[in-house]
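Analysis of the macromolecular model
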Amino acid sequence: MKVDNLMDLDKRYPQMAGTANPEKMLLFSLLRHIGAKKVLEVGVSAGHMTCWLAQAMKYENGYLTSVDNFSRAHGGQASSKEIPQKRINIAGLKDWVTLIKSDSVEFMKNQPDDTYDFVWVDADHSFKGAYDDIVEALRISKNGIGVHDVYQQYDGPREACLSIEHDMGISGTWIPGFRGTWLYFPRPTSKEE
Ligand SMILES: C[S@@+](CC[C@H](N)C(=O)[O-])C[C@H]1O[C@@H](n2cnc3c(N)ncnc32)[C@H](O)[C@@H]1O
C-alpha cells in the first residue's frame with residue numbers, strides 16, 4: 001500500500017493526538033476494499049484521519065467531504081480549517097477533499113438518503129450528539145459507516161451505538177483497538193424479500 005508519505009506526515013507537520021495509525025490503516029484499507037468513491041467524514045480536528053481517507057479517495061478516483069464545527073470539543077486540536085488544510089496540502093491531497101465548517105447533524109440533515117458510499121463518525125462524543133450523528137450517517141450512507149472512540153474515555157459514542165443497535169435491530173462489527181472502532185454495514189437482502 002502506498003502510504004509511506006502518510007506514515008511520515010506526523011514528523012513533517014506535527015499536531016498532537018489524532019486517530020492512531022492502526023485505525024487509519026483499517027479505514028484506508030476498508031474504503032479501498034469496498035471501492036468507496038464518495039465518502040463523508042464528520043469530525044476533522046487537525047486532519048489526521050482526513051489524510052488517510054483522502055489518500056484512499058486518490059487511489060479510488062473518489063472524493064472526500066470532511067465536516068467539523070472546529071469547536072475543539074472532545075479532543076479537537078483545530079480551531080479553524082487552516083490547520084487540517086495545511087496537513088492535507090503537505091500530504092499532496094488537496095484535490096481529493098473539501099473541508100466544510102458546519103455542525104455535523106445540520107450538514108447531514110441536508111443530504112439526501114444514500115448519498116455516500118461510507119460515512120466516518122468522529123465528532124460530538126456526548127450520547128445525544130453521537131446518537132444523532134449515527135442515525136443521520138446510517139441514513140445517508142449506502143454501504144456502511146464507522147464510529148470512532150467507542151472505547152475512549154467518552155462513553156457517549158459507545159452508549160449511542162448500543163442504543164441504536166437496540167432501537168434499530170442492527171449489529172455492528174466491533175474492532176478492538178486503543179480507541180475503538182465499530183462498523184455498521186447494510187444487511188444483504190435476499191431476492192425473496
Ligand atoms: C475527536 S476530534 C476528531 C479527531 C479526528 N478524526 C482525527 O483523526 O484526529 C472531534 C472533532 O469533532 C468536532 N465536533 C464536535 N462536535 C461537533 C459538531 N456538533 N459538529 C461538527 N463537529 C463537531 C470537534 O471540533 C473536533 O475537531
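The model shown is predicted, which means the values in this text are computed figures rather than measured ones. (Residues numbered from 1 in each chain as written. Predicted model: local features only at pLDDT ≥ 70, side-chain atom pairs only at ≥ 80, totals over all residues.)

**Some remarks on the site of the ligand**
What counts here: Think of it this way: take the backbone, place a C-beta atom on it, and check whether that atom is within 6 Å of the molecule or strand, in which case the residue is near it. What counts as a helix is a DSSP run of H or I of at least four residues, what counts as a strand is a run of E of at least two, and both are numbered from the N terminus. For this classification, Asp, Glu, Lys and Arg are treated as charged, while Ala, Val, Leu, Ile, Met, Phe, Trp, Tyr, Cys and Pro are nonpolar and the rest, including Gly, are polar.
Surrounding the ligand, one finds 24 residues, the nearest of these being Gly18, Thr19, Gly43, Met49 and Gly76. Where the shell around the ligand is concerned, the elements lending two or more residues are helix 4 (48–60) and strand 2 (63–68). Residues that form the shell around the ligand fall into these classes: 7 nonpolar, 12 polar and 5 charged.

**Some remarks on unusual backbone geometry**
Positive phi, normally seen in glycine, also occurs at Ser45, with a value near 50°. Here Ser45 shows up in the loop between strand 1 (38–42) and helix 4. In the Ramachandran plot, Asp114 falls in the positive-phi region, its phi being about 55° despite a non-glycine side chain. Looking at the element boundaries, Asp114 is found in the loop between helix 6 (104–109) and strand 4 (118–121).

**Some points on the environment of Asp113**
So the rule is basically this: As a rule, residues whose C-beta atom has 12 or fewer other C-beta atoms within 10 Å are exposed, those with 20 or more are buried, and those in between are partly exposed; C-beta atoms are placed from the backbone. Any pair of residues counts as being in contact when their C-beta atoms, constructed from backbone geometry, are within 7 Å of one another.
If you trace the backbone, Asp113 turns up in the loop between helix 6 and strand 4. A count of 9 C-beta atoms within 10 Å places Asp113 in the exposed class. Along the backbone, Asp113 and Ala137 are 24 residues apart, and their C-alpha atoms lie at a distance of 9.3 Å. Excluding residues within four positions of it along the chain, Asp113 makes contact with Arg139 and Ile140.

**Focus on the nonpolar core**
Our working rule: Think of a nonpolar core as buried Ala, Val, Leu, Ile, Met, Phe, Trp, Tyr and Cys residues, each tied to the set through C-beta atoms within 7 Å.
Leu31, Val39, Leu53, Ala54 and Val121 are the most contacted members of the largest nonpolar core, which totals 46 residues. Looking at which element gives the most residues to this core, the answer is helix 4, with 7 residues. In this view, Leu31 contacts Ala36, Val39, Leu53, Ala56, Glu60 and Phe118; residues no more than four positions away in its chain are not counted.

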